[in-house]
Amino acid sequence: MSGGTKETKQTSDPWAAAQPALKTGLSSAESLFGSGDLFKPYTGSTVVPFSPQTQTGMGAVEGQAQGALASGALNRPMDFFGNLFESGGMSPDQQGVADQWRTTASGSELNQFSPEFENVLSRSLGDARTGVDLSVSGAGRYGSGQHTDVLADRLGRVSSEARLGEYG
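Residues numbered from 1 in each chain as written. Predicted model: local features only at pLDDT ≥ 70, side-chain atom pairs only at ≥ 80, totals over all residues. Heavy atoms only, no water.

Draft legend 1. How the structure looks around a nonpolar patch on the surface. There is a patch of nonpolar side chains on the surface, built from Leu32, Phe33, Leu38 and Phe39 and spanning about 520 Å² of accessible area. Looking at the element boundaries, Phe39 is found in the loop between α1 (19-35) and α2 (52-71). (Patch = residues over 30% accessible without salt bridge, like charges linked within 9 Å, V, L, I, M, F, W, Y side chains within 5 Å. Areas by Shrake-Rupley, 256 points an atom, 1.4 Å probe, with all protein chains shown as cover. Salt bridge = Lys/Arg side-chain N within 4 Å of Asp/Glu carboxyl O. Helix = DSSP H or I, 4+ residues; strand = E, 2+ residues; numbered from the N terminus.)

Structural data, given as structure tokens:
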């Protein structure tokens, strides 16, 4: 076996045949970049201008806004909502209604009836008692257990229906 050596040469240069074209291209690019003519953006308007009618309308809106600002009209909603926030979220009208219904909602009015209602109920109970008494006495049962049962049933029904109606 013969011992020989092989030698390989590596280079980073471009292919020799392409070097003249690369030099020309790089030279042209460098001169274009240096001249500032490479990119020229459009500097004109890119939106459609407003029509005279649109400009008149925008002027009118601006005039109304300036008038509202000068008169203080824009402060009224802010004052209203500021007061609403400070009052716990209720307007004065809502607060008035809440105050009126607070005792009803708490249940403290249950079992509290007006004197007029109590007078009507008392008369109704008396009329019911008289009717039961007359009915059972005609049958000779006045003061009996039957009398007591019928009287309790009738008076309870009259009282319950009246109070239920009053609650409603």
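Draft legend 2. A look at α2. With 20 residues, α2 ought to run about 28 Å at 1.5 Å a step, and its terminal C-alpha atoms sit 28 Å apart, in line with that. Of the residues one or two after α2, Gly72 is the one with positive phi, at around 85°. (Expected span 1.5 Å × (residues − 1).)

Draft legend 3. Region of interest: the side chain of Ser91. Assignment of secondary structure puts Ser91 in the loop between α3 (75-86) and α4 (92-106). When residues no more than four places from it in sequence are discounted, the contact partners of Ser91 are Phe80 and Leu84. (Contact = heavy atoms within 4.5 Å.)

Draft legend 4. Up close: the pattern of salt bridges. Summed over the entire model, instances satisfying the criterion amount to three salt bridges. In this structure, Asp99 and Arg102 form a salt bridge, with 2.6 Å as the shortest nitrogen-oxygen distance. You can see Asp99 and its partner Arg102 sitting in helix α4, three residues apart, about one turn around the helix. Given a relative accessible area of 42%, Asp99 falls into the partly exposed group. Asp153 is paired through a salt bridge with Arg157; the nearest N and O atoms lie 2.5 Å apart. Here Asp153 pairs with Arg157, and both are found in helix α6 (residues 145-167), just four residues apart, close to one helical turn. Here Asp153 falls in the partly exposed class, since its relative accessible area comes to 43%. (Buried < 20%, exposed > 50% of the residue type's maximum accessible area, 1.4 Å probe, protein only.)

Draft legend 5. Molecular detail of the confidence of the model for the chain. In the predicted model, the chain carries a mean pLDDT of 83, and the fraction of residues at 70 or more is 93%. When mean pLDDT is compared element by element in the chain, α2 scores highest at 92, while α4 scores lowest at 81. (pLDDT = per-residue confidence, 0-100.)

Draft legend 6. Representation of the packing of aromatic side chains within the structure. The final tally for this structure, using the stated rule, is one aromatic pair. Between Phe80 and Phe81 the ring centres are 5.1 Å apart and the planes differ by 80°, which places this aromatic pair in the edge-to-face class. Assessed through its relative accessible area of 41%, Phe80 is described here as partly exposed. (Phe/Tyr/Trp six-rings, centres within 6.5 Å; stacked < 30°, edge-to-face > 60°.)

Draft legend 7. Inspection of helix α5 (residues 115-138) at higher detail. When the terminal C-alpha atoms of α5 are compared, their 35 Å separation across 24 residues agrees well with the 34 Å that a helix rising 1.5 Å per residue should span. Of the residues making up α5, those classed as buried are Phe117, Leu121, Ala128, Val132, Asp133 and Val136. In this structure, the buried side of α5 is in contact with α6.

Draft legend 8. View of the environment of Thr54. With respect to the helices, strands and loops of the structure, Thr54 is situated in helix α2. A polar contact is formed between the side chain of Thr54 and the side chain of Ser51, at a distance of 3.0 Å. (Polar contact = N/O pair within 3.5 Å; in protein donor to acceptor, adjacent residues only side chain to side chain.)

Draft legend 9. Structural detail: the packing of α5 against α6. Across the interface, α5 lies against α6 with an axial gap of 9 Å and an inter-helix angle of 155°. When the interaxial angle is binned, α5 and α6 end up roughly antiparallel. Judged by the twist between their axes, the crossing of α5 over α6 is right-handed. On the side of α5, the interface is formed by Phe117, Glu118, Leu121, Ser124, Leu125, Ala128, Arg129, Val132, Asp133 and Val136, while α6 contributes His147, Val150, Leu151, Arg154, Leu155, Val158, Ser159, Ala162, Arg163 and Glu166. (Axes fitted to C-alpha atoms, helices over the stretch in contact; angles between N-to-C directions. Parallel < 35°, antiparallel > 145°, perpendicular 65-115°, else oblique. Left-handed = near helix turned anticlockwise from the far one by under 90°.)

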